[in-house]
Amino acid sequence: AARHLGAHWEHDTMDFALVTLGLMQLHTVAHDIAYGDEDNAHEAANARRILLACAPGSQHFLGLTMVSQFFRRDGWRVVAEVTATEATLECAVSQDWFDAVGISVGLVEQLPRLRPLVARLRRASRNPLVCVMLGGPAFLKTTASAEALGADGLAVDAREGVQLAATLVQARRALQADP
């Protein structure tokens, strides 16, 4: 279905709005198939929560959906913000508790805006020790480090990202428990 929509886009037989609506439907179907029978393990009091979003201006939502599935399979409660703007991300972290925030970056040109965004997310977060992670295709084309961008970690592989997030959150929870 995604290839079919892509072909219509490339041949200019569908406009942006129609392709976007088609992709939204595809995401909905993928979500229903993958998470239709979620068990209650995610509702445990100690369940880890993560907000995943594309960097503002990115449009690689299908990849974000796939990364979300890796986190869910590992027992995380996931909120995926597909219409991310800097304001919606700040609002999301200020309204709900997240152990971690993952930002997927599609373009190297978006990197300079990440450090100030990460700082604003940390200030706005209900969790004063929130972990901020970066990932996405842009990091396959650069040597930028997580530290240089103000983040706690960086992963370009979904499995690596889940492991890194678990390690970072476990360390932060240990800090919170230690008076």
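These numbers were taken from a predicted model, which means no experiment stands behind them.

S.K.: Would you take a moment to explain the packing of aromatic side chains for this structure?
M.R.: In this description, a pair of aromatic rings is defined by centroid distance and the angle of the planes. Counted under the stated rule, the structure contains one aromatic pair. Ring geometry for Phe71 versus Trp76: centroids 5.3 Å apart, planes at 85 degrees, classification edge-to-face. Its relative accessible area of 4% is what places Phe71 among the buried residues. When the ring centre of Phe98 is taken as reference, the NZ or CZ atom of Arg49 above it lies at 4.8 Å.

S.K.: Help me understand the pairing of strand β4 (residues 131-135), please; the structure alone is not making it clear to me.
M.R.: Where a strand is regular, its side chains alternate between the two sheet faces. Most of β4 is tucked away, with five of its five residues classed as buried. The alternating pattern of β4 places Cys131, Met133 and Gly135 and Val132 and Leu134 on opposite faces, both of which are buried. Pairing between strand β3 (residues 100-104) and β4: five bridges, direction parallel. In the sheet register, Val101 faces β4, and the bridge partner there is Val132. Handedness of the β3-helix α5 (residues 114-124)-β4 crossover: right-handed. When β4 meets strand β5 (residues 153-155), the two strands line up parallel, connected through three bridges. Note on β5: the bridge partner recorded for Met133 is Gly153.

What counts and what doesn't
- Residues numbered from 1 in each chain as written.
- Predicted model: local features only at pLDDT ≥ 70, side-chain atom pairs only at ≥ 80, totals over all residues.
- Heavy atoms only, no water.
- Phe/Tyr/Trp six-rings, centres within 6.5 Å; stacked < 30°, edge-to-face > 60°.
- Buried < 20%, exposed > 50% of the residue type's maximum accessible area, 1.4 Å probe, protein only.
- Lys NZ or Arg CZ within 6 Å of the ring centre and 35° of its normal.
- Helix = DSSP H or I, 4+ residues; strand = E, 2+ residues; numbered from the N terminus.
- Pairing = 2+ DSSP bridges.
- Right-handed = clockwise from strand over helix to strand, strands pointing away.

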